[in-house]
Structures are given as C-alpha cells and as structure tokens.
Amino acid sequence: MFKVIYKITYPNGKIYIGKDLTDTLNYFGSADSRLIERDFTRQERKDFIIRKEILFESDVLSDKEINKIEVEMILKYDSNNPSVGYNKWPKCKNI
C-alpha cells in the first residue's frame, strides 16, 4: 500500500498539503472547512473545482517518516502561510 503526500489547489489558488497513509483516491484532506468557506461567495460555491496532486509516494517508508516529509512539504510550499494556503500547522513564522 502506498502512502502519499498530496497538494490540494483551490479555485482561489490557495493550497493545502496533506498526507494519506492509505492512498484513498477520494480523500481530500482535513483542512478546516470554515476557514476555506470564508474565502468563497455563495455563487462561487455553486461551481467549485479543486485539484489533487500527489507530490510524494512511498510503499516502504514508515508513518513517522511520511509525517516528517509532510511537514517538509508544508514548509517548502509555504502552505501554512494564510495568504498562500490552508495548513494551520506548523505555525507560520512569517506572519
């Protein structure tokens, strides 16, 4: 079974980086829905497309190693910066 690190891109260009330890095709992360909903009008919600990209995958690394790579990717893509993305952890030091 593959473990993956993915990037979700929302229509406003903001991103969310997450992991899926079961490689479920229909899993789109656990980003805070209320945080995302604030960025979209009622009209924009009527036709809403997100993109899921696999940034990294492994069928040999441990969960602990995958967790470490997830944090590295969050920092690399700056997705914990509220102006860039929806990751709330680790806390962004640039704000």
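Coordinates for the structure precede this section.
Residues numbered from 1 in each chain as written. Predicted model: local features only at pLDDT ≥ 70, side-chain atom pairs only at ≥ 80, totals over all residues. Heavy atoms only, no water.

Visitor: Is there a simple way to explain the overall build of the protein in this structure?
Guide: Helix and strand counts for the protein stand at three helices and three strands. Mapped from its N terminus to its C terminus, the protein presents α and β elements in the order β-β-α-α-β-α. Compactness check: the protein gives a C-alpha radius of gyration of 14 Å against a globular reference of 12 Å for 95 residues, within 12% of the reference. Based on the C-alpha atoms only, the size of the protein along its principal axes is roughly 45 × 30 × 15 Å. Counting every position in the protein, which comprises 95 residues, the buried fraction comes to 34%. Per element, the accessible surface of the protein, about 6,400 Å² overall, is 52% carbon and sulfur. Placing the 17 positive and 15 negative side-chain charges of the protein at their respective mean positions leaves the two points 6 Å apart. (Helix = DSSP H or I, 4+ residues; strand = E, 2+ residues; numbered from the N terminus. Rg over C-alpha atoms; globule rule 2.2 N^0.38 Å. Buried < 20%, exposed > 50% of the residue type's maximum accessible area, 1.4 Å probe, protein only. Areas by Shrake-Rupley, 256 points an atom, 1.4 Å probe, with all protein chains shown as cover. Lys, Arg positive; Asp, Glu negative; His and termini not counted. Charge placed at Lys NZ, Arg CZ, Asp CG, Glu CD.)

Visitor: Please clarify how the side chain of S79 should be interpreted in this entry.
Guide: Along the chain, the position of S79 falls in the segment after α3 (63–77). Residue classification places S79 among the buried residues on the basis of a relative accessible area of 0%. Polar contacts involving the side chain of S79 include one to the side chain of N87, which spans 2.7 Å. Residue contacts for S79: discarding those within four places in its chain leaves I15, I17, I74, V84, G85, Y86 and N87. (Polar contact = N/O pair within 3.5 Å; in protein donor to acceptor, adjacent residues only side chain to side chain. Contact = heavy atoms within 4.5 Å.)

Visitor: Help me understand the environment of D78 in this model?
Guide: Relative to the assigned elements, D78 resides in the segment after α3. Each C-alpha atom, one on D78 and one on Y16, is 9.6 Å from the other, the two residues being 62 residues apart in sequence.

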